[in-house]
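Chain and residue survey
Next come the chains, spelled out residue by residue.
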Amino acid sequence: MVYQWYPGHMTKAKRMMQENIKLIDLVIELVDARIPYSSHNPDIDELAKNKFRIVLLNKADLADPEANKEWIRYYESKGAAVLEINSKSGTGVRSVNALAQKVCKEKIEKDRKRGIVNRTVKGMVAGIPNVGKSTFINSFAGKACAKTGNKPGVTKGKQWIRLNKDLELLDTPGILWPKFEDQLVGMRLAFIGSMNDEVIIMEELACDLLNFLKESYPDAVTERYKVQWQSDAPKTLEEIARSRGCFLKGEELNLKKAADILVDDFRSGRLGRISLERPGV
């Protein structure tokens with residue numbers, strides 16, 4: 001299966017972000033802590049050129065704690081301002097305001113010397129689809145001011161949200177880039193739900209996920225489904241279907257249903273805390 005998804009509205013969203021970047025002091029990029037490299041849109045580097053930057057490792061509660069530490073060290077070694085957060089529970093979110101003021105300190109001081117005091121820092125929240133940008137803003141603001149959903153493409157246009165006297169954020173639609181040069185990147189984006197599942201063959205996605213889990217987190221599958229690893233991923237998926245009672249009629253297995261269960265269990269964290277990539281790997 002070729003992993004690729006770039007619907008037309010993303011071109012419009014990127015153009016809108018380019019038009020608004022001149023109003024922005026700071027770009028806050030959310031990446032998924034399970035795949036920080038693959039969930040970083042390279043277009044944001046060009047878009048945010050000459051702007052202050054913060055990287056937020058969102059959904060850190062779903063990622064391997066040791067991998068989270070490795071990624072923090074990696075970003076800090078690059079001189080990046082980085083935090084691990086969980087937008088859903090609010091863990092780490094309150095620290096973002098102080099970090100934004102610290103990152104923008106130079107500009108705030110310049111404004112003060114020019115007689116501009118109490119100037120609000122304007123930040124753009126950017127990231128790929130379904131990475132949790134709107135949930136982050138709502139958690140930060142303490143109210144539902146941005147639309148959220150558990151599938152990509154909920155945020156369609158821009159939304160300005162004033163959080164306090166120090167910080168105002170622009171929520172933007174999630175955007176991918178036109179072509180994944182590395183299909184591993186596309187596959188990992190499909191794993192976490194940043195591509196439309198309707199363009200995915202779920203049984204193939206589940207088998208790709210099983211191949212990764214067998215290599216890196218084999219116990220996650222055997223403990224969750226009470227099955228043994230088979231000679232290949234399709235046979236293991238069949239075992240999961242039997243274990244979960246996924247049948248169409250008689251003894252015919254419903255592999256699509258078993259695939260949906262496996263992928264959903266991974267995305268929700270029911271398989272445990274799993275990271276799909278680490279710095280340099």
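The structure displayed is predicted, hence computed values, not measured ones.

Relative to the helices and strands, Leu 167 resides in strand β6 (residues 167-171). Of the residues examined, Leu 167 reaches a relative accessible area of 0% and is grouped as buried. In the structure, Leu 167 is positioned 148 residues away from Glu 19 in sequence and 20 Å away in space, judged by C-alpha atoms. Beyond its immediate sequence surroundings of up to four residues, Leu 167 is in contact with Asn 97, Ala 100, Thr 120, Val 121, Phe 140 and Arg 162.

The terminal C-alpha atoms of helix α1 (residues 9-20) lie 17 Å apart, and with 12 residues this matches the ideal 16 Å at 1.5 Å per residue to within 8%. What α1 keeps buried is the set Met 10, Ala 13, Met 16, Met 17 and Asn 20. Along the long axis of α1, the arc covered by the buried residues comes to 115°, so they all point the same way.

Attention shifts here to the packing of aromatic side chains. Applying the stated criterion across every chain, the model contains 6 aromatic pairs. Relative to Tyr 74, the ring of Trp 71 lies with its centre 5.5 Å away and its plane at 85°, an arrangement referred to as edge-to-face. One end of the pair is Trp 71 and the other is Tyr 74, both in helix α3 (residues 65-77) and 3 residues apart, which spans about a single turn. Classification of Trp 71 as buried rests on a relative accessible area of 4%. With centroids separated by 5.6 Å and ring planes inclined at 50°, the aromatic side chains of Phe 136 and Phe 140 adopt a geometry described as tilted. Remark: Phe 140 and Phe 136 occur in helix α6 (residues 133-141); sequence separation between them is 4 residues, near one turn of the helix. Judged by its relative accessible area of 0%, Phe 136 is buried. What makes Phe 140 buried here is its relative accessible area of 4%. Put simply, the rings of Trp 71, Tyr 74 and Tyr 75 touch in pairs and so form one group of aromatic residues. Positioned over the ring face of Trp 160 is Lys 122, at 5.1 Å from the centre of the ring.

Okay, helix α7 (residues 183-192) next. In terms of burial, α7 is largely enclosed, as 8 of its 10 residues are buried. Buried within α7 we find Val 185, Gly 186, Met 187, Arg 188, Leu 189, Ala 190, Phe 191 and Ile 192. For α7, the secondary structure elements touched by its buried residues are β1 (26-32), α8 (202-216) and α11 (255-268). N-cap assignment for α7: the residue whose side-chain oxygen lies 2.9 Å from the backbone N of Leu 184 is Asp 182.

On to the state of the cysteines, then. Inspection of every chain in the model, using the stated rule, returns 0 disulfides. Here Cys 246 stays free of any disulfide, with the sulfur of Cys 207 as its closest cysteine sulfur at 14 Å.

Moving on, we get to the confidence of the model for the protein. Taken as a whole, the protein shows an average pLDDT of 90; of its residues, 94% reach a score of 70 or greater. Ignoring residues within four places in sequence, the model shows residues 148-156, a span with pLDDT below 50, making 23 contacts including any to other chains.

Next up on the list: the packing of helix α10 (residues 233-243) against α11. Where α10 contacts α11, the axes come no closer than 9 Å and their chain directions differ by 90°. Comparing their axes, α11 and α10 come out roughly perpendicular. Along its contact with α10, which presents Leu 237, Glu 238, Ile 240 and Ala 241, the element α11 presents Leu 255, Ala 258, Ala 259 and Leu 262. Its residues assigned to classes, the contact of α10 with α11 comprises 7 nonpolar, no polar and 1 charged.

Quick look at the pattern of salt bridges now. Considering all chains together, one arrives at 23 salt bridges under this definition. Notably, a salt bridge pairs Arg 278 with Asp 64, separated by 3.1 Å at the nearest N-O pair. Pair noted here: Arg 278 is in the segment after α11 and Asp 64 is in the loop between β2 (52-58) and α3, with a separation of 214 residues, a long-range link. You can call Asp 64 buried: its relative accessible area is 12%.

Turning next to the sheet that holds strand β3 (residues 81-84). Across the sheet, which stays open at both edges, the 6 strands sit in the order β3-β2-β1-β4-β6-β5 with mixed pairing between neighbours. Each having just a single partner strand, β3 and β5 (159-162) make up the two edges of the open sheet. With strand direction ignored, the average angle separating the axes of adjacent strands in the sheet is 25°. Summarising the sheet, β5 and β6 pair through 4 bridges and their orientation is antiparallel. Looking at the pairing, Trp 160 lines up with Leu 170 of β6. On the sheet, α3 packs against β1, β2 and β3 and is oriented at approximately 165° with respect to β3.

Reading guide: rules and limits
- Residues numbered from 1 in each chain as written.
- Predicted model: local features only at pLDDT ≥ 70, side-chain atom pairs only at ≥ 80, totals over all residues.
- Heavy atoms only, no water.
- Helix = DSSP H or I, 4+ residues; strand = E, 2+ residues; numbered from the N terminus.
- Buried < 20%, exposed > 50% of the residue type's maximum accessible area, 1.4 Å probe, protein only.
- Contact = heavy atoms within 4.5 Å.
- Expected span 1.5 Å × (residues − 1).
- Arc of directions from axis to C-beta.
- Phe/Tyr/Trp six-rings, centres within 6.5 Å; stacked < 30°, edge-to-face > 60°.
- Lys NZ or Arg CZ within 6 Å of the ring centre and 35° of its normal.
- Polar contact = N/O pair within 3.5 Å; in protein donor to acceptor, adjacent residues only side chain to side chain.
- Disulfide = S-S within 2.5 Å.
- pLDDT = per-residue confidence, 0-100.
- Axes fitted to C-alpha atoms, helices over the stretch in contact; angles between N-to-C directions.
- Parallel < 35°, antiparallel > 145°, perpendicular 65-115°, else oblique.
- Nonpolar A, V, L, I, M, F, W, Y, C, P; charged D, E, K, R; others polar.
- Salt bridge = Lys/Arg side-chain N within 4 Å of Asp/Glu carboxyl O.
- Pairing = 2+ DSSP bridges.

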